[in-house]
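Residue-level structural notes
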Amino acid sequence: MARALALAARGRETATPNPSVGCVIAKGGRVIGEGFHARAGEPHAEAAALAACGESPEGASVYLTLEPCSHHGRTPPCADALVAARVGRVVAALEDPNPLVKGRGLAKLREAGIRVETGLMAEAAAEAHRGFLARMSRGRPWMRIKSAASLDGRIALANGESRWISGEASRRDVHALRARSCAMLTGIGTVLRDDPELTVRHVPCARQPRRVVIDSRLELPDTAKILAGEPPLVLTVSEDRERRAALEARGAEVVMVPAVAGGKTDLAAVARLLADRGFNEVTVETGAKLNGSLLAAGVIDEIVLYLAPMLLGDPAQGLYALPELRNLAEAPRLRIVDVRAVGPDLRITARLES
Ligand code: AOF
Ligand code: ZN
């Protein structure tokens with residue numbers, strides 16, 4: 001299963017919107033075939049592993065990071081392929097929460113007399129497939145906010161200067177985070193202030209994440225760097241046809257989203273839209289205001305915070321503009337899941353208690 005998980009990691013950037021499943025087929029204590037799902041429309045992990053078998057898989061044990069599918073999607077059902085190959089045993093780390101599958105793949109195997117086990121390295125598999133699992137079971141992507149701040153939690157001076165707070169090693173690390181993301185999300189405030197590209201440049205990447213801008217009043221300037229390259233998705237509540245046409249002429253895809261009271265974008269609806277688009281993992285890089293609104297909307301799963309060894313002082317800008325709390329019991333609680341040094345900086349990964 002550890003090998004299957006390592007194989008799964010190889011499809012992480014490209015399998016989207018599908019989960020990057022890994023599969024190992026073993027017989028008599030030896031691996032006879034292995035594979036992973038590289039791209040939607042191409043063979044699933046099981047089909048790839050069966051095709052790679054150097055000898056008959058009859059009676060073999062099949063290790064899978066996710067339940068085999070039972071439906072005809074872009075490819076035929078893997079459960080049927082495993083039955084036809086007459087394998088002896090299937091060990092799946094997790095059930096597939098896709099409503100089209102949801103236990104039916106494992107049931108098909110059992111009905112054909114194949115031994116089925118689940119739960120082996122389930123935690124590691126849930127970690128590997130967390131974007132897909134979030135999208136299927138909660139109807140929204142796995143959403144993380146990435147920020148870089150001074151040791152005293154400030155992301156920019158009061159005058160807006162913010163380049164550079166984190167070191168070069170952190171900036172490269174961020175690009176690895178972008179590379180594994182299906183989409184990058186930011187707000188119009190950040191575009192107007194920093195004019196980011198939000199592309200992957202400092203690490204190799206098989207495909208660029210889709211760039212998404214929340215721009216409630218369609219203020220995105222025609223000259224914004226984010227309009228260059230692959231077309232960004234602009235989410236708005238504005239009905240300004242002229243601005244819309246201007247952005248579309250620059251290649252952007254402009255989509256209307258519902259507003260909440262006060263004319264602001266409904267962020268829960270944004271999360272649902274991103275899931276409907278098939279984005280499994282979304283990384284947010286934006287300023288304190290949208291960060292705070294996303295946290296308050298309850299759509300954030302994780303924060304990744306780079307802390308640089310400098311102090312910017314209280315007049316500088318904070319990280320998350322949250323409404324004032326009246327007592328500590330109201331404070332959002334997180335669990336720190338990872339802390340590491342990245343060059344001279346510190347990277348903290350923390351998850352919201354759900
Ligand atoms: C598997 N093995 O390697 C993967 C699975 O449209 P399709 O045919 O590509 O099917 C996509 C669905 O199949 C996806 O939503 C998920 O439920 C499952 N992914 N299943 O047996 C694989 N990637
Ligand atoms: Zn399949």
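Keep in mind that this is a model prediction, so the values were computed, not measured.

With glycine set apart, most residues show a phi of negative sign, and most peptide bonds adopt trans. The linkage connecting T16 with the following residue, P17, adopts the cis geometry, with an omega of 5°. Within the element layout of this structure, P17 appears in the loop between α1 (2-10) and β1 (22-27). Between R163 and W164 the backbone carries a cis peptide bond, its omega angle lying at -10°. Locating W164 in the fold gives a position in the loop between β6 (142-150) and α7 (168-179). Even without being glycine, K102 reaches a positive phi, approximately 40°. Structurally, K102 can be placed in the loop between β4 (89-92) and α4 (104-111). You can call K102 exposed: its relative accessible area is 53%.

This brings us to the coordination of the zinc ion (ligand 2). Bound to the zinc ion (ligand 2) are the protein donor atoms H44 (ND1), C69 (SG) and C78 (SG), situated 1.9 to 2.2 Å from the metal. Around the zinc ion (ligand 2) sit four donor atoms; with metal-centred angles ranging over 98 to 118°, the donor geometry is tetrahedral. Going along the chain, you hit the donors of the zinc ion (ligand 2) in the pattern H-x24-C-x8-C. Of this pair, H44 sits in the loop between β2 (30-36) and α2 (45-52) while C78 sits in helix α3 (residues 78-84); the two residues are 34 residues apart in sequence, bridging distant segments of the chain. Looking at C78, the relative accessible area reads 3%, which means it is buried.

As a further point, take α7. Between the first and last C-alpha of α7 there are 17 Å, a value that for 12 residues agrees with the 16 Å anticipated at 1.5 Å per step. Buried within α7 we find S170, V174, H175, L177, R178 and A179. Close packing links the buried residues of α7 with β6, β7 (183-187), β13 (281-284), β14 (302-308), β15 (334-342) and β16 (345-352).

This brings us to the domain arrangement of the protein chain. The domain architecture assigned to the protein chain consists of domain 1 (2-131) and domain 2 (139-352). Contacts between domain 1 and domain 2 engage nine residues on the former and 14 residues on the latter. Note on domain 1 versus domain 2: buried area summed over both sides is about 1100 Å², and carbon and sulfur give 42% of it. Of all residues in domain 1, the largest losses of buried area upon contact with domain 2 belong to E13, R130 and G131, amounting jointly to 56% of the total for that side. Across the contact surface, domain 1 and domain 2 share one salt bridge. A salt bridge links E127 to R351, with the nearest nitrogen and oxygen atoms 2.6 Å apart. Joining domain 1 to domain 2, the criterion identifies four residue pairs in polar contact (both at pLDDT 80 or more). For the side of domain 1 that touches domain 2, the residue count by class is one nonpolar, four polar and four charged.

Basis of the calculations
- One numbering rule holds for all chains: residues counted from 1, following each sequence as written.
- Labels are handed out in written order, letters beginning with A for the chains and numbers beginning with 1 for the ligands.
- Reporting of local features is limited, given that this is a predicted model, to residues whose pLDDT is at least 70; pairs of side-chain atoms are given and counted only at 80 or more, and all residues count toward the totals for whole chains, interfaces and linings.
- As a rule here, side-chain values come from all non-hydrogen atoms in the structure, and water together with hydrogens is ignored.
- Note on conventions: DSSP H or I runs of at least 4 residues are helices, E runs of at least 2 residues are strands, and numbering of each starts at the N terminus.
- Using a 1.4 Å probe on the protein chains alone, a residue whose accessible area is under 20% of its type maximum counts as buried, one over 50% counts as exposed, and one in between counts as partly exposed.
- Donor selection uses N, O and S atoms within 2.8 Å of the metal (3.2 Å for Na, K and Ca). Since no water is included, sites may look incomplete.
- Angular criteria define each label, namely tetrahedral for four donors with all angles between 85 and 135 degrees, square planar for four and octahedral for six donors with opposite donors over 155 degrees apart and remaining angles between 65 and 115, and irregular for whatever fails these tests.
- Expected span of a helix: the number of residues minus one, times 1.5 Å.
- The contact definition used throughout considers only heavy atoms, calling two residues in contact when any of these lie within 4.5 Å.
- For the domains described, the bounds stem from an automatic or database domain assignment.
- Buried area: the accessible surface (1.4 Å probe) lost by two parts on joining, summed over both.
- Think of a salt bridge as a Lys or Arg side-chain nitrogen and an Asp or Glu carboxyl oxygen that are within 4 Å of each other.
- Polar contact criterion, stated in full: a pair of N or O atoms within 3.5 Å, where within protein one must be able to donate a hydrogen and the other to accept it, and residues adjacent in sequence count only if both atoms are side-chain atoms.
- In this classification, Asp, Glu, Lys and Arg are treated as charged, Ala, Val, Leu, Ile, Met, Phe, Trp, Tyr, Cys and Pro as nonpolar, and every other residue, Gly included, as polar.

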